[in-house]
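Spelled out, the chains give:
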Amino acid sequence: MKKYTEVLDNKRTPLTGKELKDTEEGLINHINYTDNPVDATLASEAMELLAEVKHLREQMATAYMWIGRPAPYKGKMTRAYT
């Protein structure tokens, strides 16, 4: 059986807005400056996953708005439309 500290160490926490932005900028730089087409393809797929994460965060913020609760502050989710 795992110790509680091991469970806490393995617990996944969501990326913050700053971490997402830094990751996206790093992937864009990697796509622009790599000569290897395989690396560029993998970075492009990672960009698609980041776009999906952003979309899901916006959907969660909208859901929170409709149920009348504030969105979690750490993720800094905002609505994409007015």
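Residues numbered from 1 in each chain as written. Predicted model: local features only at pLDDT ≥ 70, side-chain atom pairs only at ≥ 80, totals over all residues. Heavy atoms only, no water.

Caption draft 1: Representation of helix H3 (residues 37-67) in the model. For H3, spanning 31 residues, the distance from its first C-alpha to its last is 45 Å, which sits close to the expected 45 Å at 1.5 Å a residue. All of the buried residues in H3 are Ala40, Ala43, Met47, Leu50, Arg57, Ala61 and Thr62. Elements in contact with the buried residues of H3: helix H2 (17-33). Gly68 lies just past H3 and shows a positive phi near 85°. (Helix = DSSP H or I, 4+ residues; strand = E, 2+ residues; numbered from the N terminus. Expected span 1.5 Å × (residues − 1). Buried < 20%, exposed > 50% of the residue type's maximum accessible area, 1.4 Å probe, protein only. Contact = heavy atoms within 4.5 Å.)

Caption draft 2: Local environment of the nonpolar core. By size, the foremost hydrophobic cluster in this structure holds 5 residues: Leu20, Leu27, Ala43, Met47 and Leu50. Within the residue set of this core, elements represented by two or more residues are H2 and H3. Here the element with the most residues in this core is H3; it accounts for 3 residues. With near-sequence residues (within four places) excluded, Leu50 lies in contact with Leu20, Thr23, Glu24 and Leu27. (Core = buried A, V, L, I, M, F, W, Y, C linked by side-chain atoms within 4.5 Å.)

Caption draft 3: Here's a closer look at the confidence of the model for the protein. On average, residues of the protein score 77 in pLDDT, and 84% of them are at 70 or above. At the level of individual helices and strands, the protein shows its lowest average pLDDT in helix H1 (residues 4-10), which scores 80, and its highest in H3, which scores 84. (pLDDT = per-residue confidence, 0-100.)

Caption draft 4: The environment of Asp39, seen in detail. In this structure, Asp39 sits in helix H3. When its relative accessible area of 29% is taken as the criterion, Asp39 is described as partly exposed. Among all residues touching Asp39, those that are not within four sequence positions of it are His30 and Thr34.

Caption draft 5: Expanded view of the pattern of salt bridges. Counting across every chain of the model gives 2 salt bridges. The shortest N-O distance in the salt bridge between Lys18 and Asp22 comes to 3.1 Å. With a gap of 4 residues between them, Lys18 and Asp22 both fall in helix H2, about one helical turn apart. For Lys18, a relative accessible area of 59% gives the class exposed. Judged by relative accessible area, Asp22 falls into the partly exposed class, the value being 39%. One salt bridge connects Glu24 with Lys54, and the closest N-O pair in it is separated by 2.5 Å. (Salt bridge = Lys/Arg side-chain N within 4 Å of Asp/Glu carboxyl O.)

Caption draft 6: Local environment of the side chain of Thr62. Relative to the elements of secondary structure, Thr62 occurs in helix H3. Among the polar contacts made by the side chain of Thr62, one reaches the main-chain carbonyl oxygen of Glu58 at a distance of 2.9 Å. (Polar contact = N/O pair within 3.5 Å; in protein donor to acceptor, adjacent residues only side chain to side chain.)

Caption draft 7: Broad picture of a nonpolar patch on the surface. Taken together, the side chains of Tyr4, Val7 and Leu8 define a hydrophobic patch exposed on the protein surface, amounting to about 320 Å² of accessible area. Relative accessible area serves as the criterion here: at 62%, Tyr4 is assigned to the exposed category. (Patch = residues over 30% accessible without salt bridge, like charges linked within 9 Å, V, L, I, M, F, W, Y side chains within 5 Å. Areas by Shrake-Rupley, 256 points an atom, 1.4 Å probe, with all protein chains shown as cover.)

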